[in-house]
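# Chain and residue survey
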Amino acid sequence: MKHAFLDEYSHLESPVHQLDPRAKLVGFALLIIVCVTTPPNLCAAFAAYLGLEAAILLMSRLPWKHVLKRMLVVLPFILVVAAFLPFFSKGGGSYNLGPVTVSGHGLIVLWNVAVKSTVSVLAVILLSSTTPFPELLRGMEKLKVPHLLTTLLSFTYRYIFVLMDEMQRMRRARDSRGWSGRWLWQAKVIGHMIAALFLRSYERGERVYAAMLARGYDGGARVLYLHQFGVMEAGFLALITLVPLAARLMV
Amino acid sequence: MHHRPAVEIKDLYYVYPDGTPALRGVNLTIEEGESVGIVGPNGAGKSTLLLHLNGILTGRGEVKIFGLPVEKKNLREIRRRVGLVFQDPDDQLFSPTVFDDVAFGPINMGLSQEEVASAVSRALEEVGVTGQEKRSAHHLSYGQKKRVSIATVLSMNPDLLVLDEPSSNLDPRARREFSELLQPMKITKILVTHDLPFVFENCDRVVILSGGKVAADGEAFSILSDEDLLSGYGLELPYGFYAAPRETAKESGMENP
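Residues numbered from 1 in each chain as written. Chains lettered and ligands numbered in written order. Predicted model: local features only at pLDDT ≥ 70, side-chain atom pairs only at ≥ 80, totals over all residues.

### Quick word on the environment of B:R173
Quick reminder of the rule: Think of it this way: any DSSP run of H or I at least four residues long counts as a helix, any run of E at least two long counts as a strand, and we number them from the N terminus.
Summarising the element assignment, B:R173 is placed in helix α7 (residues 172–182). Put simply, B:R173 and B:G143 are 30 residues apart on the chain and 9.5 Å apart in space, counted from C-alpha to C-alpha.

Right, dumping it as structure tokens:
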């Protein structure tokens, strides 16, 4: 089964792709923090953040359609959390939109949630699409993220497709025996499949552990890190911290 | 210099945690440079025996690898010298990229960055899979995965190569290529498999394991041509095959009648 995963365009060539993952991790994290702590009325600041991200997007040569498509993931979040607030909360003046009244207060909350989640999600997409996942994990380890966490993420990345393939094989075997999904009683089969998948994964985990022991694993984390922090990284970090801060403080 | 065989197993007993006895007094000695096939019916204890060779399982009795007893203080050295390749490549290839998998062993050995990189490229070249370093194992074909699995232990420079079901699920061409990959290797080899023709092609000596004990141990031709011996342990050559003595066989393999 052919699979695409979260670092789909991470093998392109661009100045952003070449950067040390640590610089990107720290840089985008700082951008998100500055954005999230900005009061919602400083619209120019948000324009600056988005402008900065657009510039990085341009430099990274990522296909913008792909980026936009992945940004849609933030839409359900906005809808569930904030879309209905202008209609139900009170205060901050009210405006009439035909038959419905919306409160100014609610609108500001909606704007707050929408713009901040957009900036944050775009930052994460830029990070993950320009950095191959294994290198991202190595960067995290170098930044002292606990080894247990990065090992878990590493195995998830490696085995998620294996699990999906097993699920597909189980599904095909099930459908071949006449399971149609139309009857309520057939639902318990799904529970059985999940249990089977869990057992198989658990046993595979034991075998993988044996394979790791066989190659000398002793629980220690030794990271082979081939990136270096240089002028480009320093420049990137300067740009991504100073521009948002300046926008935030001067607006 | 005191003579040390590659593998020395004396009276090895092992019982699984749930009480099932798996090995009931295995005695086996393998010299350096030998190529041994271990065959036997399902449940004979073959895979269990392999796990004793590098200390993943510990039973009662004596197991020595190149003279080193398999005990905690020797495990590091033993796991470098014994390259154990598991049956399912997806169990063996657990890192995000091919490079990471082949580098896993050398990194655990404490080699420097340059030494690791050269060990990895050497191992991948030896198995004939180059240029795939940055790919995730999931994107490789089954045959490539099997080859990379071997590379993951070759990069540690082992002295004993142990393969569990090496030819399973390989198509005929991949199986042929795998055989051609193994044969020139001068390293001591142990193959555990059901594929008797594969054993005959790649091993000089055959050991039949049955019921947790060594049932027969001898030259490949004499064991595999003895139909009564084989059928006594639930084994037989596939339909249409018989063992031909090496000198008269077309290419030191089996012939069809």
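### Thoughts on α7(B)
All names here are of chain B. Spelled out, the test is: In this scheme the burial state of a residue depends on its C-beta neighbours within 10 Å: 20 or more other such atoms mean buried, 12 or fewer mean exposed, and anything in between means partly exposed; the C-beta positions come from the backbone. Starting at the helix axis, one direction is taken to each C-beta atom, and the arc is that of these directions. Contact definition: two residues whose C-beta atoms, as placed from backbone geometry, lie within 7 Å.
Turning to α7, its buried residues number three or more, namely R175, F178 and L182. An end-on view of α7 places all buried positions within 60° of arc, on one side of the element. The outward face of α7, more than 90 degrees from its buried face, is lined by the exposed residues P172, R173 and E180. Buried residues belonging to α7 abut α6 (142–154), β8 (188–192) and α8 (196–202).

### Observations regarding the domain arrangement of chain B
Residues and elements named next belong to chain B. Stated precisely, the cut-off is as follows: Where each domain starts and ends follows an automatic or database-derived domain assignment. For this classification, Asp, Glu, Lys and Arg are treated as charged, while Ala, Val, Leu, Ile, Met, Phe, Trp, Tyr, Cys and Pro are nonpolar and the rest, including Gly, are polar.
For chain B, the assigned domains read domain 1 (1–66 + 160–257) and domain 2 (87–158). Distance from the C-alpha centre of domain 1 to the C-alpha centre of domain 2: 25 Å. The interface of domain 1 with domain 2 comprises 11 residues on the first partner and 7 residues on the second. Listing elements by their share of the side of domain 1 that touches domain 2, those giving two or more residues are β7 (160–164) and α7. Looking at the side of domain 1 that touches domain 2, its residues break down into 7 nonpolar, 2 polar and 2 charged.

### Considerations on the interface of chain B and chain A
Counting from both sides, the interface comprises 30 residues of chain B and, opposite them, 21 residues of chain A. Residue assignment for the side of chain B that touches chain A shows that the elements contributing at least two residues are α2 (75–81), α3 (89–92), α4 (98–108), α5 (113–126) and α6 of chain B. It is α4(B) that contributes the most residues to the side of chain B that touches chain A, 6 residues altogether. By residue class, the composition of the side of chain B that touches chain A is 13 nonpolar, 10 polar and 7 charged.

### Points about the packing of helix α3 (residues 43–60) of chain A against helix α11 (residues 231–250) of chain A
Residue and element names in this part refer to chain A. Just so we agree on the cut-off: Lines fitted to C-alpha atoms define the axes, with helix axes restricted to the stretch in contact, and inter-axis angles between N-to-C directions lie between 0 and 180 degrees. The cut-offs work like this: below 35 degrees is roughly parallel, past 145 is roughly antiparallel, 65 to 115 is roughly perpendicular, and the gaps in between are oblique. Should the near helix be turned anticlockwise from the far one by less than a right angle, the crossing is left-handed, and should it be turned clockwise, the crossing is right-handed.
Contact geometry for α3 and α11: axes closest at 8 Å, N-to-C directions at 160°. If you check the angle between α3 and α11, you find them roughly antiparallel. Of the two possible hands of crossing, α3 and α11 adopt the one that is right-handed. Contact residues: α3 offers A44, A45, A48, Y49 and L52, while α11 offers I240, V243, P244, A247 and R248.

### Observations regarding the packing of helix α4 (residues 64–71) of chain A against helix α7 (residues 104–129) of chain A
Residue and element names in this part refer to chain A. Between α4 and α7, whose axes approach to 10 Å, the crossing angle comes to 130°. Accordingly, the angle class assigned to the pair α4 and α7 is oblique. Crossing angle aside, the handedness with which α4 passes α7 is right-handed. Seen from α4, the contacting residues are V67, R70 and M71; seen from α7, they are T118, V121, L122 and I125. Counted by class, the contact of α4 with α7 contains 5 nonpolar, 1 polar and 1 charged residues.

### Describing the pairing of strand β1 (residues 7–15) of chain B
Residue and element names in this part refer to chain B. Threshold: At least two bridges found by DSSP between two strands are what make those strands a pair.
Pairing between β1 and strand β2 (residues 21–30): 7 bridges, direction antiparallel. Along β2, the bridge assignment pairs V15 with P21. From the end of β1 to the start of β2, which pair antiparallel, there are 5 residues, and G19 there has a positive phi angle of about 100°. Bridge count between β1 and strand β4 (residues 60–65): 5 bridges; the pairing is antiparallel. Following the sheet pairing, K10 is matched in β4 by E62.

### Re the sheet that holds strand β9 (residues 205–210) of chain B
Residue and element names in this part refer to chain B. Taken in spatial order, the 6 strands line up as β6-β7-β8-β3-β9-β10 in an open sheet, and their pairing is mixed. Two strands bound the open sheet, and with one partner strand each, they are β6 (82–85) and β10 (213–219). Each strand of the sheet is rotated relative to its neighbour by a mean of 15°, with strand direction disregarded. With 4 bridges connecting them, strand β3 (residues 35–39) and β9 associate as parallel partners. Of the residues in β9, the one forming a bridge with I38 is V207. This element, helix α1 (residues 46–53), spans β3, β6, β7, β8 and β9 of the sheet and lies at about 150° to β7.

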